[in-house]
Every structure is written in C-alpha cells, then in structure tokens.
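Now for the letters of each chain:
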Amino acid sequence: MGVDNTGVIDFVSINQQGVVVLTISDHLEWDSENEHLLLLQEKINAYLGAIESGEIYESYPSAVGKEFEISVAVKYPPDKTALDFFEKVRAYLLSCGYGFRYCQL
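Given the structure is predicted, the values throughout are model-derived calculations rather than measurements.

Calculation criteria
Residues numbered from 1 in each chain as written. Predicted model: local features only at pLDDT ≥ 70, side-chain atom pairs only at ≥ 80, totals over all residues. Heavy atoms only, no water. Helix = DSSP H or I, 4+ residues; strand = E, 2+ residues; numbered from the N terminus. Buried < 20%, exposed > 50% of the residue type's maximum accessible area, 1.4 Å probe, protein only. Areas by Shrake-Rupley, 256 points an atom, 1.4 Å probe, with all protein chains shown as cover. Lys, Arg positive; Asp, Glu negative; His and termini not counted. Charge placed at Lys NZ, Arg CZ, Asp CG, Glu CD. Salt bridge = Lys/Arg side-chain N within 4 Å of Asp/Glu carboxyl O. Contact = heavy atoms within 4.5 Å. Polar contact = N/O pair within 3.5 Å; in protein donor to acceptor, adjacent residues only side chain to side chain. Core = buried A, V, L, I, M, F, W, Y, C linked by side-chain atoms within 4.5 Å.

Enquirer: Can you help me understand the overall build of the protein in this one?
Expert: For the protein, the helix and strand inventory stands at 3 helices and 4 strands. Along the chain direction, N to C, the helices and strands of the protein fall in the order β-β-α-α-β-α-β. Once the C-alpha set of the protein is aligned to its principal axes, its extents read approximately 40 × 25 × 25 Å. Per-residue burial over the protein gives 37% buried out of 105 residues. Here the protein has roughly 6000 Å² of accessible surface; of this, 51% comes from carbon and sulfur atoms. Put simply, the protein has 7 plus and 16 minus side-chain charges, and the middle of one group is 7 Å from the middle of the other.

Okay, structure coming up:
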C-alpha cells in the first residue's frame, strides 16, 4: 500500500457523519522534480475512478448511498507546491460532489 501503488485503495472508513473516506497513505518526501506530485495525482485519479465507475461498491458494499471524501495522510510537511496542488484538488473534487482533506501524521 501507499501512494506509489496506484492500483490499491489504502484505507476505507466511514466517519461519524456517515461519509466514506478513502485514504491515501503518503510516505514519500517532496521533491523538486514533482515526481511525488505526479504519483499522488495518479493515486487520486485512481480513487476517483473507483468511485465514479461504481467499482468501490463491489469491494465495499456499505458505501452504497453514502457521500465520499478522499483523504491524503502525508508523512512529511507539504511544501508550497504541494499545498497549491492540494487546493486545486480540493476545488475540483468539491465541484464533483466529493470532499477532500489532507493531514500530516
């Protein structure tokens, strides 16, 4: 599992508000070439694809009828580029009807 394994949903939970939270476990350091951001973008797109295709319901039937949020749990503090990226992701996902957040562990 992890941000570099785009074919796997790292964690699925349902929060107290009944929202299905798909969490990305991000253990990588931020890099100046933005390779980390590209991996993260791929992983977010894979999560979004699982939601929009309905694939998520096959693995997690309890998600049927619930809202979704994508969460990124980062090991290292995000740099300015990452923070800008997170804001763009948040805006896009909100426009699609999904939540987004990140936290540092």
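Enquirer: Even after reading the chapter, I still don't get the pattern of salt bridges, so can you show me in this structure?
Expert: Pairing between side chains becomes possible if they bear opposite charge and their charged atoms approach one another. Within the structure shown, the criterion is met by 4 salt bridges. The salt bridge partner of Arg101 is Glu69, with a shortest N-O separation of 2.6 Å. In this pair, Arg101 is assigned in strand E4 (residues 99-104) and Glu69 in strand E3 (residues 68-74), connecting sequence segments 32 residues apart. A relative accessible area of 36% means that Arg101 is categorised as partly exposed. Exposure remark for Glu69: the relative accessible area of 14% places this residue in the buried category.

Enquirer: How should the environment of Phe11 be read in this particular structure?
Expert: Counting through the fold element by element, Phe11 comes out in strand E1 (residues 11-14). The class of Phe11 is partly exposed, set by a relative accessible area of 43%. For the pair Phe11 and Thr23, spaced 12 residues apart in sequence, the C-alpha separation works out to 5.0 Å. When neighbours within four sequence positions are excluded, Phe11 is seen to be in contact with Met1, Val21, Leu22, Thr23, Ser25 and Tyr47.

Enquirer: What exactly am I supposed to notice about the side chain of His36 here?
Expert: Position of His36 among the secondary structure elements: in helix H1 (residues 35-53). Of note is the side chain of His36, whose polar atom sits 3.0 Å from the backbone oxygen of Glu29. Not counting residues up to four positions away in its chain, the partners in contact with His36 are Asp26, Leu28, Glu29, Trp30 and Asp31.

Enquirer: Teacher, can you tell me more about the nonpolar core here?
Expert: For soluble globular proteins, the rule of thumb is that nonpolar side chains tend to be buried together. Core analysis: the largest hydrophobic core is formed by 24 residues, its most contacted members being Ile24, Leu40, Ile44, Phe68, Ile70, Phe86 and Phe100. Breaking this core down by element, the ones donating at least two residues are strand E2 (20-26), H1, E3 and helix H3 (80-95). Broken down by element, the residue count for this core peaks at 6 residues, all from H1. With residues up to four places along the chain from it excluded, the contact list for Ile24 reads Val3, Asp10, Leu40, Lys43, Ile44, Tyr47, Ile70, Ser71, Val72 and Ala73.

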